[in-house]
Structure formats: C-alpha cells, structure tokens
Amino acid sequence: MSDVKEQRRKHIRKVYAETGSIRATRRKTGHSIGLIRKVVRGQDEPRKPPVSVPKRPSKLDAYQALLRRLIVDDDLSAVLALEELRDAGFDGGYTIVKAAARALRPSRAKRPTTRVPHKPGAEGQVDWSPYRVFLDGKAAIVKAFSLVLPFSSLIFLRFAMDEQLETLVRLHDEAFSELGCRPAKMTYDNMTTVGRHVDANNIWINPRFAAWA
C-alpha cells in the first residue's frame, strides 16, 4: 500500500511540475484538489516514528531513596527535605526537590472542613512557609514564620533564612514579647523541630523544644 501511495505522490509532483497549476494537475491526474495540495506542500509524507530522547541525568538520582524516606516516611516538607539532602551532599536547588516531593507525596482526598470556635487567647497557631526571593541578585529561599491567634485573626509574621530550632525559639520569644502574652495552647503543622507523629496514637516531642517550652 505504501508503494502505491509513493507512486501516486511522484506522479502528482511530476504533473504539477509540468503544469504549475493545482487545477490542471487535477484534470490530468483525476485526484482531488485537497490531495494534490497536501502532496505539493509535503503534508502527505508518511509520519516518522517519534525520536526517543534519552532521559537526562538528574542531581537527585543518587538521593532518590533518601528523598522518598524524608517525604513519604518522615512526612517532611520540601524545605526541610532539602536541608537533609544537602547535609548528605546534594548540591541542587529547591525547585527540583519540590517537584520530586510533589510526585512522591501521596495525594490526599479533600475533606469538608468544620469551623472551630476559639476563645480569646486560648490558642496560637504556628507555621513556616517558603518564599523564593532574590538577595544580592541571587535566587534564595526565605522562610516565613507566622503565629496566628484564631479568635482575632491577628498574625505575627517574620522572615528568616532557616527553620532551625534556635530560630524557631527566638521567633516565639519575639512574638510573645510583641503580643505581651502567651496563648494557653500552641498548635503546629508537621513541624519536626517541635515533634512528629510516631503512629496514630503517639507523638514524639523534640526534647530540646520541650525544655524551652
């Protein structure tokens, strides 16, 4: 079948070269104008198989097992996983770790949320959020520390270069000093410097954080 199509292409091209007209080629060959146009424009050529592009090596290739443990088993954020990877010798950036972490992290079905009433001063909520900025013309990741009072929605916000325990404690002290008080209860979102879930019924608290608290 392919030989027949190729002979047809050659015949159409030959006649078109002689006549210089699509309509005249149609009259001499009997083929449709649409087909003749495709052949003349090269749109009737057989499709070439896609070229397989070899996968480029990634800086993360040697750290995939460690990254999986940090993200899946330890449930660390991409920011904290990056710090652990760099301690192990990884010299890549945050973007590649964040993309890999998103692919590794199991998707969680969204559940309906319930508004929980809070009494004044009863609770403070602390979290870290990474932001990509430029410092001295170079891309860098800064960490936003936030302490929110749910009753009033008041937020204490500061930026830091790391999420180390010493930084976390210092920012707590600054927040309590500025607020002039300390909430009766503090809650944290998967912050391993504070603690982590060992299993469904047990939570490990960082002894150094507990001593400060």
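Everything here concerns the structure above.
Bear in mind the structure is a predicted one, so any value in this text is a computation, not a measurement.

J.: Describe the nonpolar core, with residues and values.
T.: Ranked by size, the top nonpolar core spans 19 residues in total, and within it Leu-60, Leu-67, Ile-71, Leu-85, Phe-90, Tyr-94 and Val-97 carry the most contacts. Those elements giving two or more residues to this core turn out to be helix H4 (64–73), helix H5 (78–87) and helix H6 (94–104). When residues in this core are grouped by element, the largest group, 6 residues, is from H5. Setting aside anything within four residues of it in sequence, one finds Leu-60 in contact with Leu-67, Leu-85, Phe-90, Ile-96, Val-97 and Ala-100. Membership of the second largest hydrophobic core comes to 16 residues, among which are Val-126, Trp-128, Phe-156 and Phe-209.

J.: Any chance you could break down helix H3 (residues 33–41) for me, citing the residues and the numbers?
T.: Every buried residue of H3 is listed here: Leu-35, Ile-36 and Val-39. Here the buried residues of H3 occupy an arc of 100° about the axis, which is enough to place them on one side. After H3 finishes, the residue Gly-42 shows a positive phi value of roughly 80°.

J.: Tell me about the layout of surface pockets, and please be specific about residues and values.
T.: Reported here for the largest pocket is a volume of approximately 650 Å³. Elements with a minimum of two residues in the lining of the largest pocket: H4, helix H7 (165–179), strand S4 (185–188), strand S5 (195–199), strand S6 (202–205) and helix H8 (207–212). Partitioning the lining of the largest pocket into residue classes produces 16 nonpolar, 5 polar and 8 charged.

Rules of the game
Residues numbered from 1 in each chain as written. Predicted model: local features only at pLDDT ≥ 70, side-chain atom pairs only at ≥ 80, totals over all residues. Heavy atoms only, no water. Core = buried A, V, L, I, M, F, W, Y, C linked by side-chain atoms within 4.5 Å. Buried < 20%, exposed > 50% of the residue type's maximum accessible area, 1.4 Å probe, protein only. Helix = DSSP H or I, 4+ residues; strand = E, 2+ residues; numbered from the N terminus. Contact = heavy atoms within 4.5 Å. Arc of directions from axis to C-beta. 1 Å grid on protein atoms, 1.4 Å probe; cavity = no way out; pocket = protein on both sides within 12 Å on 5 of 7 lines; lining within 4 Å. Points joined across faces, edges and corners; volume = space filled by probe spheres on them. Nonpolar A, V, L, I, M, F, W, Y, C, P; charged D, E, K, R; others polar.

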